[in-house]
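# A look at the structure
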Amino acid sequence: MDKEIFDLIKAEAVRQREGLELIPSENYVTRDVLDAMGSVLTNKYSEGYPDFEGLTDWPDEKIAAEKLPSKRYYGGQENTDRVERLAIARACRIFHADHANVQPHSGAQANNAVYNAWLEPGDTVLGMNLGHGGHLTHGSPVTLSAKIYNFIPYGTVKATGDIDYEEMEELAVKHQPKILLVGYSAFMKVPDFARVAEIGKKIPGCLLMADMAHVAGLIAGGVHANPFDFGFHVITTTTHKTLRGPRGGLILSRGTVGNPLRKPEKTLEHIPTLIDRSVFPGTQGGPLMHIIAAKAVAFREALQPEFRDYATNIVNNAAILADELDALDFHCIGGGTENHLILIDMMKSFKIDGKLMERGLDRIGLNLNANSVANDPLPPFRPSGIRLGTPAITTRGLGRQEMKRIAKWMRAVADICVKAKKEEFLDKYGTELEALHAEVVKLSLRFPLPSDK
Ligand code: DSN
């Protein structure tokens with residue numbers, strides 16, 4: 001009935017089919033995930049939690065066959081409880097966690113719930129500087145959490161693009177943080193979790209927290225280290241990036257899983273229950289049960305053997321793409337990538353800013369985002385860099401040959417941007433851009449979206 005919105009959704013499907021998504025935090029979900037998101041579960045209020053008993057059982061049918069009553073504040077939960085139990089159990093199985101809270105509406109909500117669970121106002125958190133690849137919710141002064149807590153930023157070493165672990169240690173000893181936080185939005189290395197844990201364990205009462213939103217799917221697929229293997233207490237993530245689920249958040253923890261209706265002692269051992277109570281009623285109201293169902297579907301997909309191949313292919317494609325770009329004179333920060341993500345300094349490469357390159361690539365159906373580089377002299381909306389990655393295009397089945405094509409298209413667009421100098425002059429090169437766009441559309445249509453299959 002709503003033609004305007006219906007037409008816009010159809011147009012977005014065409015845009016997605018005919019272009020290539022290189023934004024490293026995006027992906028294409030399956031039809032099953034879409035169907036769960038669009039289900040009648042959206043009609044249900046389920047404040048509270050299901051029963052956590054028996055969640056370590058296997059297989060799924062045993063987990064779903066729970067005994068009521070649950071710890072909910074509304075009736076009619078016989079199906080929603082089972083959905084949430086399945087989501088929790090599958091998440092724990094994937095990441096080797098003792099507990100999972102599947103209710104956060106987003107990664108930001110997940111991070112804020114952990115802060116609220118463990119910190120008092122004014123407490124200190126050591127997190128990565130946003131300008132060096134950290135995330136807004138890791139202490140950017142424009143956020144609510146930065147008004148409540150005292151965030152101290154650490155950074156990267158310019159020459160290598162890696163974390164400055166010495167600085168991290170010095171700052172930790174000096175500021176005695178209650179949370180030591182790793183995890184990044186624009187970082188191409190695998191963090192040295194062992195070293196971070198060693199630093200954190202020297203600080204009494206310090207919670208080791210990893211925000212692995214970007215690499216959750218790589219961890220699930222066994223191609224990236226899991227922070228829990230190094231003694232981390234909490235992992236937060238979104239569910240829609242490499243993990244390829246619905247848009248949403250997730251908190252995983254290690255410790256004793258208690259009754260969320262009872263306030264536990266504030267110790268690291270009780271962090272699972274402190275977090276449950278911090279999500280609801282601490283920072284959120286009713287969970288989005290249709291999204292939790294879609295998370296459960298995506299978690300089941302991540303537990304299949306094919307997902308390991310998918311994760312391996314993401315990393316392989318990213319390495320090939322970085323090599324090809326490097327050969328075409330793009331300056332990849334850190335000399336390449338160890339994960340799914342590539343950060344390029346466009347000023348250093350071609351003396352053009354990242355925004356101009358982003359806009360030029362938009363014109364041919366390649367989507368990525370302009371991004372700051374460490375100590376960027378340019379402002380965040382028009383920074384020096386671009387950020388791209390391979391999770392979405394790997395979902396569609398692109399491989400080595402296509403990575404080479406993408407790198408060549410990017411070089412062609414960079415050359416046009418150099419000539420145009422400004423976005424408003426890109427039109428002068430409309431014919432060249434159209435020709436490149438036609439090539440991108442042709443290749444894209446050979447690789448259908450998973451939800452079209
Ligand atoms: N906005 C996400 C990203 O693109 O990396 C992080 O939350």
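In this report, we go over the structure that sits alongside the text. (Residues numbered from 1 in each chain as written. Predicted model: local features only at pLDDT ≥ 70, side-chain atom pairs only at ≥ 80, totals over all residues. Heavy atoms only, no water.)

What surrounds the ligand is the set Ser25, His135, Ser185, His214, Lys241 and Arg387. Between the ligand and the protein, one listed contact pairs an oxygen atom with a side-chain N or O atom of Ser25 at 2.6 Å. Between an oxygen atom of the ligand and a side-chain N or O atom of His214, the distance comes to 2.7 Å. Surface burial for the ligand is 65%, taken as the share of its 240 Å² of free accessible area covered by protein chains. Looking at side-chain class alone, the shell around the ligand contains no nonpolar, four polar and two charged residues. (Near = heavy atom within 4 Å. Polar contact = N/O pair within 3.5 Å; in protein donor to acceptor, adjacent residues only side chain to side chain. Areas by Shrake-Rupley, 256 points an atom, 1.4 Å probe, with all protein chains shown as cover. Nonpolar A, V, L, I, M, F, W, Y, C, P; charged D, E, K, R; others polar.)

Mapped onto the elements, Lys3 comes out in helix α1 (residues 3–18). The exposed category is assigned to Lys3, whose relative accessible area is 56%. At 2.6 Å, the side chain of Lys3 forms a polar contact with the side chain of Asp7. (Helix = DSSP H or I, 4+ residues; strand = E, 2+ residues; numbered from the N terminus. Buried < 20%, exposed > 50% of the residue type's maximum accessible area, 1.4 Å probe, protein only.)

Turning our eyes to something else, we now look at the sheet that holds strand β9 (residues 234–238). Spatial ordering of the open sheet is given by β4-β10-β9-β8-β7-β5-β6, a layout of seven strands whose pairing is mixed. Looking at which strands have only one partner, the edges of the open sheet turn out to be β4 (99–101) and β6 (150–154). Here the average twist between neighbouring strands, direction ignored, is 20°. Pairing geometry for strand β5 (residues 124–128) and strand β7 (residues 179–182), over two bridges, is parallel. Bridging across to β7, Val125 finds its partner in Ile179. The sheet strands contacting helix α8 (residues 193–201) are β7 and β8 (207–211), and the helix crosses β7 at an angle near 170°. (Pairing = 2+ DSSP bridges. Axes fitted to C-alpha atoms, helices over the stretch in contact; angles between N-to-C directions. Contact = heavy atoms within 4.5 Å.)

This next bit is on the pairing of strand β11 (residues 341–345). Burial analysis of β11 places five of its five residues in the buried class, which makes it a mostly covered element. Of the strand pairs in this sheet, β11 and strand β14 (residues 385–389) are connected by five bridges, and their pairing is antiparallel. Across the sheet, Ile344 pairs through a bridge with Ile386, a residue of β14.

With that out of the way, let us pick up unusual backbone geometry. In this structure, Pro281 follows Phe280 across a cis peptide bond, with omega equal to 5°. For Lys421, which is not a glycine, the phi torsion comes out positive at approximately 65°. Note on placement: Lys421 falls in the loop between α16 (400–420) and α17 (430–445). Given the relative accessible area of 64%, Lys421 is considered exposed.

Quick look at the environment of Asp353 now. Take Asp353: it is sitting in the loop between α13 (346–350) and α14 (354–362). Here the alpha-carbon distance between Asp353 and Lys421, two residues 68 residues apart in the chain, equals 9.3 Å. Among residues more than four places away in sequence, those in contact with Asp353 are Met346, Met347, Leu378, Arg382, Pro383 and Ser384. For Asp353, the side chain forms a polar contact with the main-chain nitrogen of Lys355, separated by 2.9 Å.

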